[in-house]
Amino acid sequence: MNYQFDFRFLEGSFGALLDGLRVTIELAVASNLMGLVLGFALCLLAMSRWTIVRWPAQLFIEFFRCTPALLQIVWFFYCVPMMVDVFIDPILMGVLALGLNLTAFNAEAYRAGVQAVPKEHLDACVALGLKPWQRTMYVVLPQALRTAMPVLMTNGIGSLQQSALVAIVAVADLMYVGKSLATEAYRPLETYTVVALIYFALSLPIAKLVHVIERRQDLAVKR
Amino acid sequence: MLSSQTMIAQHDVPPAVVDFSPSTSGEFVQFSDVYKSYGENLVVMDHMNLDMREDDRLVIIGPSGSGKSSLLRVMMGLEGIQGGQIGFQGKPYIFGADAGRAKRIDAKLQKQIGMVFQHYTLFPHLSVLGNLILAPVKVGGLSKAEATERARLYLARLGLESKLHAYPSQLSGGQKQRVAIARALMLEPKLMLFDEVTSALDPEMVIEVQNVMLRLAEQKMAMIIVTHDMHFARDIATRVVFCASGKIVEQGAPADMFKCPKQARTREFLEKVLHLD
């Protein structure tokens with residue numbers, strides 16, 4: 001390969017890349033907040049005693065798990081506005097699409113965590129007079145969050161990567177900016193390499209942190 | 001006291017509606033014709049009658065599957081009963097499903113009962129202090145400062161004041177159970193239930209937990225205790241109740257029960273367990 005790498009053209013595009021990065025981080029943070037909160041709520045619904053609650057929740061989870069994320073995003077951008085005749089800000093639409101997808105995956109992660117809470121703890125909550133919602137908030141959630149944390153964080157990184165898909169519907173995120181720069185300068189190799197490195201640098205510390213937490217949990221189990 | 005041995009054995013007859021007239025409501029705890037089964041075959045409380053006075057410490061003994069733990073779980077309100085009634089402090093407390101009431105348990109009375117379990121039930125994400133003050137603050141209406149003050153008091157009494165900020169994973173099994181007892185006492189219950197609280201412990205830790213319970217006994221705490229430890233039963237009980245197949249076979253003062261049990265079933269059981277000890 002005698003391709004001459006030349007990164008100099010990117011010097012002037014630093015600002016554009018930063019803008020894209022900001023949008024990407026916004027998308028990732030917002031969809032993760034949504035996924036962490038709604039994921040737990042959805043998990044409770046999916047584990048409900050009542051079929052009428054459990055069934056739609058499970059359907060929601062399976063829908064998002066069993067269709068491509070790209071399709072979900074496209075569907076959100078084109079079909080939702082057609083159905084309800086509103087199109088909110090593109091970033092918000094992106095957050096909704098990514099966030100709902102993450103909600104479904106996080107609900108499954110939480111479920112494993114909730115199931116790992118010993119049954120005796122629930123008995124103890126009754127004996128202590130805690131109401132069902134207090135039991136959920138003060139005893140089940142903290143324990144489930146702890147158990148589910150590695151998977152939740154892995155899902156979170158996944159959502160950061162998936163956020164690149166919104167470039168396809170013209171949200172100016174990091175991927176979108178990269179794509180524009182690459183076509184303008186006819187330098188896809190350099191541009192996409194730099195963009196990839198930025199995604200990598202964002203995700204790697206979190207992935208490493210997941211390893212540390214998993215190791216600590218393994219040790220705690222052995223103790 | 002012996003009248004409670006009279007059992008109603010006819011399964012087909014619907015249990016009589018018990019009336020809590022003043023003449024019968026003097027008892028602190030009163031099981032009247034309590035019926036509970038899991039499915040058709042496993043009857044854990046077979047029309048059980050049981051009385052307990054406020055200064056009583058009942059120890060329930062019996063082979064496994066005899067309904068000992070069910071009795072405690074029902075009293076705590078963890079599980080319902082199909083038939084009969086339970087009175088607590090002279091008031092109706094729990095109703096059987098056959099009573100056809102929407103509310104089958106009096107939540108106010110339920111709050112006056114504390115329970116300690118066989119397995120460790122300290123919440124691992126909270127410190128000892130956090131475990132102790134959770135319910136008093138969220139349910140009991142105490143301020144955090146008041147609850148913390150009370151927690152210090154109880155921990156000091158149990159010789160655990162240095163563990164206030166420790167997490168459950170840093171405690172030994174015996175310490176965990178002592179903290180669990182303190183956590184139940186924080187709500188100042190009128191009755192304490194102990195469900196085989198020492199059977200998951202190493203022998204040397206059993207004593208420290210039993211000592212805490214003996215001290216509670218000195219302070220006249222009403223207790224119902226399920227245990228396999230017959231020596232401890234003899235030390236702490238005012239009355240020993242022998243259950244088998246969901247029925248109370250025999251009950252009496254510990255000295256009488258262990259020395260000269262009247263029923264063959266009781267004798268057989270005691271010979272077996274005392275021999276093993």
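Keep in mind the model is a prediction, meaning the values are calculated, not measured.

The next subject is the overall build of chain A. Looking only at helices and strands, one finds eight helices and zero strands in chain A. Going from N to C terminus, chain A has its helices and strands arranged as α-α-α-α-α-α-α-α. The principal-axis extent of the C-alpha atoms belonging to chain A is close to 70 × 50 × 30 Å. Split into buried and exposed, the 223 residues of chain A put 30% on the buried side. If you take every contact in chain A between residues at least 6 apart in sequence, the share linking residues at least 24 apart comes to 79%.

So, about the sheet that holds strand 4 (residues 83-88) of chain B. All names here are of chain B. Overall, antiparallel pairing links the four strands, which are arranged 2-1-4-5 in an open sheet. Single-partner strands in this sheet number two, and they are strand 2 (42-52) and strand 5 (91-95). Between one strand and the next, the sheet's axes are offset by a mean angle of 25°, whatever the strand orientation. Packed on one face of the sheet, helix 1 (residues 68-76) meets strand 1 (29-38), strand 2, strand 4 and strand 5 and runs near 65° to strand 2.

Moving on, we come to the confidence of the model for chain B. Residues and elements named next belong to chain B. With 90% of its residues at a pLDDT of 70 or more, chain B has an overall mean of 85. In the predicted structure, residues 1-25 sits below a pLDDT of 50 and forms 30 contacts with residues beyond four places in sequence or in another chain. Both scores are given for the predicted complex: the pTM is 0.82, the ipTM 0.83.

All right, on to the environment of Val212 of chain B then. Within the secondary structure layout, Val212 of chain B lies in helix 6 (residues 203-218). Not counting residues up to four positions away in its chain, the partners in contact with Val212 of chain B are Leu158, Arg178 and Ile181 of chain B.

Here we take up the packing of helix 1 (residues 14-46) of chain A against helix 6 (residues 132-162) of chain A. Residue and element names in this part refer to chain A. Closest axis-to-axis distance for the helix 1/helix 6 pair is 10 Å, and the angle between their directions is 135°. Considered as vectors, helix 1 and helix 6 are oriented oblique to each other. Like other packed secondary-structure pairs, helix 1 and helix 6 cross with a definite hand, here right-handed. On the side of helix 1, the interface is formed by Ala28, Ser31, Asn32, Gly35, Leu36, Phe40 and Leu44, while helix 6 contributes Thr136, Leu141, Leu152, Asn155, Gly156, Ser159 and Leu160. Partitioning the contact of helix 1 with helix 6 into residue classes produces seven nonpolar, seven polar and no charged.

Another point: the packing of helix 3 (residues 69-84) of chain A against helix 4 (residues 90-115) of chain A. Axis angle and axis distance: for two packed helices, these are the angle between their axes and the distance between the axes, and together they describe the pair. Residues and elements named next belong to chain A. Between helix 3 and helix 4, whose axes approach to 9 Å, the crossing angle comes to 140°. With respect to helix 4, the element helix 3 is oriented oblique. Classified by chirality, the crossing of helix 4 by helix 3 is right-handed. Residues Ala69, Gln72, Ile73, Phe76 and Phe77 of helix 3 touch helix 4, and the partners they reach there are Met93, Leu96, Ala97 and Asn101.

Turning to the pairing of strand 5 of chain B, a few remarks are in order. Residue and element names in this part refer to chain B. Burial runs high along strand 5: four of the five residues are buried. Note that strand 4 and strand 5 share four bridges and pair antiparallel. For Ile86, the partnering residue across the bridge sits in strand 5 and is Ile94.

This paragraph deals with the sheet that holds strand 8 (residues 222-226) of chain B. All names here are of chain B. Spatial strand order, 6-7-8-3-9-10: six strands in an open sheet with mixed pairing. Only two strands of the sheet have a single neighbouring strand rather than two, namely strand 6 (113-116) and strand 10 (247-252). For this sheet, the mean angle separating the axes of adjacent strands, direction not counted, is 20°. Here strand 9 (residues 239-244) pairs with strand 10 via five bridges, running antiparallel. In the sheet register, Cys243 faces strand 10, and the bridge partner there is Ile248. Packing of helix 5 (residues 173-185) onto the sheet brings it into contact with strand 6 and strand 7 (191-195), and relative to strand 6 it is tilted by some 170°.

Under the 1.5 Å per step criterion, the end-to-end length of helix 6 of chain A is only 36 Å for 31 residues, more than 12% shorter than the ideal 45 Å. The largest bend in helix 6 of chain A is about 60°, located at Ala148 of chain A, with the proline Pro150 of chain A one to four residues further on.

Calculation rules
- Residues numbered from 1 in each chain as written.
- Chains lettered and ligands numbered in written order.
- Predicted model: local features only at pLDDT ≥ 70, side-chain atom pairs only at ≥ 80, totals over all residues.
- Helix = DSSP H or I, 4+ residues; strand = E, 2+ residues; numbered from the N terminus.
- Buried ≥ 20, exposed ≤ 12 C-beta atoms within 10 Å, placed from the backbone.
- Contact = placed C-beta atoms within 7 Å.
- Pairing = 2+ DSSP bridges.
- Axes fitted to C-alpha atoms, helices over the stretch in contact; angles between N-to-C directions.
- pLDDT = per-residue confidence, 0-100.
- Parallel < 35°, antiparallel > 145°, perpendicular 65-115°, else oblique.
- Left-handed = near helix turned anticlockwise from the far one by under 90°.
- Nonpolar A, V, L, I, M, F, W, Y, C, P; charged D, E, K, R; others polar.
- Expected span 1.5 Å × (residues − 1).
- Bend = angle between axes of the 7 residues up to and from the residue.

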